[in-house]
Amino acid sequence: MKKYLPPKVLRFLLAKKIVNKYEKVDWNRLESHDLSEEEMKLLYIRMKPIRFLRDYPLERKNKKLVLAAVQQNGRALEYASKELRKDHEVVLAAVKQTHLALEYAIGIKDNRIVILAAARNMNFPRGAILFHRTSPLNYASDRLRNDHDVVKAAVSQIGTSLKYASNRLKNH
């Protein structure tokens, strides 16, 4: 069985006793390396979701693991398989974590639920420089750029989103 927790990570976990932050862990089982393969994968994902999907390409098609990864860090969607980057449930979980996941989603331009969730969940690291591509409206179809609720949600988070709105809404 392949161990998914690198020794350095395992030593860190044991030293810090990080139980509540990542998941309830039976520390006796962890110390004896008696975790199932899936438990190790999920624990690794909770700590390093992007690294897990990047380093284990065979797991990129596993919906359960990809879903766990994007719930921790929406940008992990970049490393998901093409099929899962189109999957409504996976993409929605990713954009609920960060709107920046839209950059890696496939075929969502006209998905109102996903674009609206992204517009409502726009979060930026403190001190981040905002670029034009950070607005969910940048990834939306013309129909959604003309949707009052979608545009309002995006503009209420960052005013520069208005430049992606339809002319009808800009002039309204």
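Residues numbered from 1 in each chain as written. Predicted model: local features only at pLDDT ≥ 70, side-chain atom pairs only at ≥ 80, totals over all residues. Heavy atoms only, no water.

### Looking at the nonpolar core
The biggest cluster of nonpolar side chains holds 44 residues, and the ones touching the most others in it are Val-70, Leu-77, Val-95 and Leu-102. Elements with a contribution of two residues or more to this core: helix H3 (37-47), helix H4 (49-55), helix H5 (63-72), helix H7 (88-97), helix H8 (112-120) and helix H10 (148-157). Those residues in contact with Val-95, other than ones at most four positions away along the chain, are Ala-101, Leu-102, Val-114, Ala-117, Ala-118 and Asn-121. (Core = buried A, V, L, I, M, F, W, Y, C linked by side-chain atoms within 4.5 Å. Buried < 20%, exposed > 50% of the residue type's maximum accessible area, 1.4 Å probe, protein only. Helix = DSSP H or I, 4+ residues; strand = E, 2+ residues; numbered from the N terminus. Contact = heavy atoms within 4.5 Å.)

### Re the packing of H7 against H8
Between H7 and H8, the least distance of the axes is 8 Å, while the angle of their chain directions is 15°. Judged by the angle between their axes, H7 and H8 are roughly parallel. The two elements H7 and H8 meet at a crossing, and its hand is right-handed. Taking contact as the criterion, the partners of His-88, Val-91, Leu-92, Val-95 and Lys-96 in H7 are, on H8, Ile-113, Val-114, Ala-117 and Ala-118. (Axes fitted to C-alpha atoms, helices over the stretch in contact; angles between N-to-C directions. Parallel < 35°, antiparallel > 145°, perpendicular 65-115°, else oblique. Left-handed = near helix turned anticlockwise from the far one by under 90°.)

### Overview of the packing of aromatic side chains
Applying the stated criterion across every chain yields a total of three aromatic pairs. Residues Phe-52 and Tyr-56 carry aromatic rings whose centres are separated by 5.1 Å and whose planes lie at 35° to one another, so their mutual orientation is tilted. On the basis of relative accessibility, which here comes to 0%, the residue Phe-52 falls in the buried class. Given the relative accessible area of 14%, Tyr-56 is considered buried. Three or more aromatic residues link up through ring pairs in this structure, and these residues are Tyr-44, Phe-52 and Tyr-56. (Phe/Tyr/Trp six-rings, centres within 6.5 Å; stacked < 30°, edge-to-face > 60°.)

### Observations regarding the environment of Glu-103
Secondary-structure assignment places Glu-103 in the loop between H7 and H8. Each C-alpha atom, one on Glu-103 and one on Glu-78, is 8.1 Å from the other, the two residues being 25 residues apart in sequence.

### Some remarks on H5
For H5, the complete set of buried residues consists of Leu-65, Val-66, Leu-67, Ala-68, Ala-69 and Val-70. Two to three positions downstream of the cap, the backbone nitrogen of Lys-64 sits 3.1 Å from a side-chain oxygen, assigning the N-cap of H5 to Asn-62. (Polar contact = N/O pair within 3.5 Å; in protein donor to acceptor, adjacent residues only side chain to side chain.)

### Some words on the confidence of the model for the protein chain
Considering every residue of the protein chain, the mean pLDDT works out to 81; 73% of them sit at 70 or more. At the level of individual helices and strands, the protein chain shows its lowest average pLDDT in helix H2 (residues 27-31), which scores 53, and its highest in helix H6 (residues 82-86), which scores 97. (pLDDT = per-residue confidence, 0-100.)

### Quick notes on the side chain of Ser-166
Mapping Ser-166 onto the fold places it in the loop between H10 and helix H11 (167-170). Not counting residues up to four positions away in its chain, the partners in contact with Ser-166 are Arg-145 and Asn-146.

### A few points about the packing of H8 against H10
Taken N-terminus to C-terminus, the directions of H8 and H10 make an angle of 20°; their axes are 8 Å apart at the nearest point. Classified by the angle their axes make, H8 and H10 are roughly parallel. As for the relative orientation of H8 and H10, their crossing is left-handed in sense. Between H8 and H10, the contacting residues are Arg-112, Ile-115, Leu-116, Ala-119 and Arg-120 on the first element and Asp-149, Val-150, Ala-153, Ala-154 and Gln-157 on the second. Looking at the contact of H8 with H10 residue by residue, the class counts come to six nonpolar, one polar and three charged. (Nonpolar A, V, L, I, M, F, W, Y, C, P; charged D, E, K, R; others polar.)

### Some remarks on the pattern of salt bridges
Considering all chains together, one arrives at eight salt bridges under this definition. Glu-38 is paired through a salt bridge with Lys-64; the nearest N and O atoms lie 2.4 Å apart. Of this pair, Glu-38 sits in helix H3 while Lys-64 sits in helix H5, and the two are 26 residues apart along the sequence. For Glu-38, a relative accessible area of 38% gives the class partly exposed. Its salt-bridge partner being Glu-89, residue Lys-63 comes within 2.9 Å of it at the nearest N-O pair. One end of the pair, Lys-63, is in helix H5; the other, Glu-89, is in helix H7, and 26 residues separate them in sequence. (Salt bridge = Lys/Arg side-chain N within 4 Å of Asp/Glu carboxyl O.)

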